[in-house]
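# Close look at the chain arrangement
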Amino acid sequence: VILFFGYTLMVILRQKRWTELQKDFINNMTHEFKTPIATINVSADVLQTPSILEQPQRLQNYAQIIKEQSLRLNGQVEKVLQVAKLEQRALCLHTETLDLVEELSNICFGFRAHYEGQAVLKTQVDNKHLAIVADPMHFRSVIQNLLDNAVKYSDGLAEVSLRTEQRDDRVYVTIEDQGWGIPAEYISKVFHKFVRVPTGNQHNVKGFGLGLYYVDKICKLHRWKIGIQSELGKGTQFTIGIPLII
């Protein structure tokens, strides 16, 4: 009876925790969708005013805002759909042989263009050909997720580094930042679904708590190894071990 009572209590507590996480996710998702929708609505109202035709620069600015917010909405919806597919085991990888150095070079180029003035990216990547087998889209999404997090959880001008290191038949891709870091009690939980690390007095960090969950699942589907090291106030380091085609 005591064992049954203990097991029942454990199940109830676990269910309570999941319920709280799901409530947080729904609240975050509502906020994430509401903000761009409101921005698009305001921009559309401005574009409907007759005088806007006489102000071509202003017209272009508001059209650009609508475009950016639409892309943001689409990105958030796509992220939720990808995680739903992961949960249903319906996500199929379309793998092919990739040049790791070329892929990372393209990702870094896009990152620098997107975060110009917000982040400094230092790279230390092998200049030789490193062949890996991966799904191109998901590989890029994994690296971009980690780079985006490095900026998101840093103050001021984010300092981010990306480097590769070959050891035997594997290449290790490391992404490191000098940001806020992660409390020790949360390091083992960052890859869990809906989990968001508390950010203290910082309230401008948005998201669903799905980014690192997605990264972890994609790495597992590829049979890659991902590790994390972090110290509060000193930054975080993610390392992915990927088999090479020798």
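Residues numbered from 1 in each chain as written. Predicted model: local features only at pLDDT ≥ 70, side-chain atom pairs only at ≥ 80, totals over all residues. Heavy atoms only, no water.

## Re the pairing of strand 7 (residues 235–243)
- The buried fraction of strand 7 is high, at eight of nine residues.
- Where strand 5 (residues 170–177) and strand 7 come together, seven bridges link them in antiparallel fashion. Counted as the bridge partner of Val171 is Ile242 from strand 7.
- Judged from the seven bridges that link them, strand 6 (residues 225–231) and strand 7 form a sheet pairing that is antiparallel. (Buried < 20%, exposed > 50% of the residue type's maximum accessible area, 1.4 Å probe, protein only. Helix = DSSP H or I, 4+ residues; strand = E, 2+ residues; numbered from the N terminus. Pairing = 2+ DSSP bridges.)

## Things to note about the environment of Leu147
- Structurally, the position occupied by Leu147 is in helix 4 (residues 136–152).
- With a relative accessible area of 1%, Leu147 lands in the buried category.
- Residues Leu147 and Glu176 lie 29 residues apart in sequence; the distance between their C-alpha atoms is 8.5 Å.

## Remarks on the packing of helix 3 (residues 100–114) against helix 4
- The geometry of helix 3 relative to helix 4 is characterised by a closest axis approach of 11 Å and an angle of 40 degrees between their N-to-C directions. As the angle between them shows, helix 3 and helix 4 are arranged oblique. The way helix 3 lies across helix 4 gives a crossing that is right-handed. Residues Leu100, Glu103, Leu104, Ile107 and Phe111 of helix 3 form the contact with helix 4, whose own contacting residues are Phe139, Arg140, Ile143, Gln144, Leu147 and Val151.
- Classifying every residue of the contact of helix 3 with helix 4 by side-chain character gives eight nonpolar, one polar and two charged. (Axes fitted to C-alpha atoms, helices over the stretch in contact; angles between N-to-C directions. Parallel < 35°, antiparallel > 145°, perpendicular 65-115°, else oblique. Left-handed = near helix turned anticlockwise from the far one by under 90°. Contact = heavy atoms within 4.5 Å. Nonpolar A, V, L, I, M, F, W, Y, C, P; charged D, E, K, R; others polar.)

## Section: unusual backbone geometry
- A positive phi angle, near 55 degrees, is found at Asp168, a position not held by glycine.
- Following the sequence through the fold, Asp168 ends up in the loop between strand 4 (158–167) and strand 5.
- Unlike most non-glycine residues, Arg223 shows phi in positive territory, near 65 degrees.
- Mapped onto the fold, Arg223 is located in the loop between helix 5 (211–222) and strand 6.

## Quick notes on helix 5
- If you check helix 5, its first and last C-alpha atoms are 17 Å apart, about what 12 residues at 1.5 Å a residue would give, namely 16 Å.
- In terms of burial, helix 5 is largely enclosed, as nine of its 12 residues are buried.
- Buried within helix 5 are the following residues: Gly211, Leu212, Tyr213, Tyr214, Val215, Asp216, Ile218, Cys219 and His222.
- Positive phi appears at Arg223, one or two residues downstream of helix 5, with a value of about 65 degrees. (Expected span 1.5 Å × (residues − 1).)

## Details of the pattern of salt bridges
- Per the stated rule, a full pass over the model turns up five salt bridges.
- In this structure, Lys220 and Asp216 form a salt bridge, with 3.3 Å as the shortest nitrogen-oxygen distance. Of this pair, Lys220 and Asp216 both sit in helix 5, separated by four residues, roughly a single helical turn.
- Taking relative accessible area as the criterion, Lys220 reaches 54% and is therefore assigned exposed.
- Judged by relative accessible area, which is 10%, Asp216 ranks as buried.
- The partner of Glu231 in a salt bridge is Lys234, and the shortest N-O contact between them spans 3.5 Å.
- Glu231 gets classed as partly exposed once you look at its relative accessible area, which sits at 44%. (Salt bridge = Lys/Arg side-chain N within 4 Å of Asp/Glu carboxyl O.)

## Focus on the packing of aromatic side chains
- Taken as a whole and assessed by the stated rule, the structure comprises four aromatic pairs.
- Plain terms: the ring middles of Phe191 and Phe238 are 6.2 Å apart, the flat faces sit at 65 degrees to each other, and that makes the pair edge-to-face. Of this pair, Phe191 sits in the loop between strand 5 and helix 5 while Phe238 is found in strand 7, placing the two residues 47 residues apart along the sequence. A single burial state applies to Phe191 and to Phe238, both of which are buried.
- Positioned above the aromatic ring of Tyr172 is the side chain of Arg167, whose terminal nitrogen or guanidinium carbon lies 4.2 Å from the ring centre. (Phe/Tyr/Trp six-rings, centres within 6.5 Å; stacked < 30°, edge-to-face > 60°. Lys NZ or Arg CZ within 6 Å of the ring centre and 35° of its normal.)

## Here's the deal with the sheet that holds strand 5
- With mixed pairing, the five strands of this open sheet are ordered in space as 2-4-5-7-6. Among the strands making up the open sheet, the edge pair consists of strand 2 (119–124) and strand 6. Across this sheet, the average inter-strand angle for adjacent strands is 15 degrees, counted without regard to direction.
- Direction of pairing for strand 4 relative to strand 5: antiparallel, over a ladder of eight bridges. Residue pairing across strands places Thr164 opposite Val173, the latter belonging to strand 5.
- Contacting strand 2, strand 4, strand 5 and strand 7, helix 4 runs over the sheet at an angle of about 140 degrees to strand 4.

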